[in-house]
Amino acid sequence: MATVILNEINKYFGEKKNRIHVLTEVNFKAQEGELCLVLGPSGSGKSTFLTIAGGIQTPSSGEVIIEGVKLDNLSKKQRERLRLEKIGFVLQNYSLVPYLRVKEQFELAKRVKREGNLSDDDFKKIINQLGIEDLLDQYPKELSGGQRQRVAIARALYSNPAIIFADEPTAALDSQRVTEVGNLFKDLAHEQNKSVIIVTHDLRLKQYADRVYEIMDGTLKEDN
Ligand SMILES: Nc1ncnc2c1ncn2[C@@H]1O[C@H](COP(=O)(O)OP(=O)(O)OP(=O)(O)O)[C@@H](O)[C@H]1O
Ligand SMILES: [Mg+2]
């Protein structure tokens, strides 16, 4: 089943002379059980694409459909609900709360969404797989970039979302960690039937992908 569909998406920023066309007629489809990679250089529109696909930003034209629901037809509140229940985001800036310890970042996620989260055992497995079990009492500023990145991944997975969007989730990781994170995302797709969508310029992730798209100057095409 298609989980995320983008039809003829355009995105502009700015007005008149300053207007820039960041996404051009983008068509995209992600399936459940698949890891989908969108590769592109810096400034090509990856983050814009991902935040539009996940309903964080709205397009200038075109439609986004998530699990059969057109986002246009939802109120702001309904859209937030859908995001909360179905989607896990790993954003490019990690978006950790600076004054909360790592374990409190997860407790906060639990307070925002009380049900349907991972069991303690399953979450512990993810924490171990990501190698962050010894960081639970630390604050984000005490962590390295790679550690923050792995905490952000764990937090996105905590709510057990059906759809996972990740923006450059391996940018700060060494090869060993890339292998672990690549396998983790692949297993989530293949073994738990989740839909995983990753935007990146990191070619090391290509081997884990079921489907690869390339984005260049805001134009997306599937790479066969
Ligand atoms: N809110 C905004 N207002 C104006 N321009 C923007 C805005 N967001 C993005 N852009 C522009 O859109 C283009 C694409 O940006 P985007 O962040 O999507 O690229 P990216 O592929 O994610 O880059 P990177 O790999 O560096 O993260 C860039 O030229 C950027 O300057
Ligand atoms: Mg980006």
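Taking an unreviewed UniProt entry as the reference, the chain is identified by name as Putative hemin import ATP-binding protein HrtA belonging to Liquorilactobacillus cacaonum DSM 21116. Word for word, the UniProt comment on the chain under Subcellular location (unreviewed entry) is "Cell membrane". If you open the UniProt record of the chain and go to Sequence similarities (unreviewed entry), you find "Belongs to the ABC transporter superfamily. HrtA family."

Asks: Please provide a residue-by-residue account of the coordination of the magnesium ion (ligand 2), values included.
Replies: Ligation of the magnesium ion (ligand 2) by protein atoms is provided by Ser47 (OG) and Gln92 (OE1), these donors lying 2.0 to 2.3 Å from the ion. Placement of the pair is Ser47 in helix α1 (residues 46–53) and Gln92 in the loop between β6 (87–90) and α3 (102–112), with a sequence separation of 45 residues. Of the residues examined, Gln92 reaches a relative accessible area of 45% and is grouped as partly exposed.

Asks: I'd like a rundown of the sheet that holds strand β3 (residues 35–39), residues and numbers included.
Replies: One open sheet accounts for six strands, arranged β6-β7-β8-β3-β9-β10; its pairing is mixed. A single partner strand is all that each edge strand has here, and the edge strands are β6 and β10 (219–222). Here the average twist between neighbouring strands, direction ignored, is 15 degrees. Pairing of strand β7 (residues 163–167) with strand β8 (residues 195–200) involves five bridges; the strand directions are parallel.

Asks: Any chance you could break down the packing of aromatic side chains for me, citing the residues and the numbers?
Replies: Counted according to the given criterion, the structure contains five aromatic pairs. Judged by centre distance (5.3 Å) and plane angle (20 degrees), the rings of Phe89 and Phe165 are stacked. Residue Phe89 is located in strand β6, and its partner Phe165 is located in strand β7; the two are separated by 76 residues in the primary sequence. Just as Phe89 is buried, Phe165 falls in that class too. With 4.9 Å between their ring centres and 85 degrees between their planes, Phe123 and Tyr158 make a pair best called edge-to-face. Of this pair, Phe123 sits in helix α4 (residues 120–129) while Tyr158 sits in helix α5 (residues 145–158), and the two are 35 residues apart along the sequence. Phe123 gets classed as buried once you look at its relative accessible area, which sits at 10%. Against the face of Tyr12 rests Arg19, its NZ or CZ located 3.7 Å from the ring centre.

Asks: Kindly report on the site of ligand 1, identifying the contributing residues and their values.
Replies: Near ligand 1, the surroundings consist of 13 residues, among which Ser42, Gly43, Lys46, Thr48 and Gln92 are the closest. A distance of 2.6 Å separates an oxygen atom of ligand 1 from a polar side-chain atom of Ser42. Within the backbone of Gly45, an N or O atom sits 3.1 Å from an oxygen atom of ligand 1. Starting from 630 Å² of accessible surface for ligand 1 in isolation, the protein chains cover 59%.

Scoring rules and cut-offs
Residues numbered from 1 in each chain as written. Chains lettered and ligands numbered in written order. Predicted model: local features only at pLDDT ≥ 70, side-chain atom pairs only at ≥ 80, totals over all residues. Heavy atoms only, no water. UniProt positions renumbered as here; feature names shortened; annotations may be inferred. Donors = N, O, S within 2.8 Å, 3.2 Å for Na, K, Ca; no water. Helix = DSSP H or I, 4+ residues; strand = E, 2+ residues; numbered from the N terminus. Buried < 20%, exposed > 50% of the residue type's maximum accessible area, 1.4 Å probe, protein only. Pairing = 2+ DSSP bridges. Axes fitted to C-alpha atoms, helices over the stretch in contact; angles between N-to-C directions. Phe/Tyr/Trp six-rings, centres within 6.5 Å; stacked < 30°, edge-to-face > 60°. Lys NZ or Arg CZ within 6 Å of the ring centre and 35° of its normal. Near = heavy atom within 4 Å. Polar contact = N/O pair within 3.5 Å; in protein donor to acceptor, adjacent residues only side chain to side chain. Areas by Shrake-Rupley, 256 points an atom, 1.4 Å probe, with all protein chains shown as cover.

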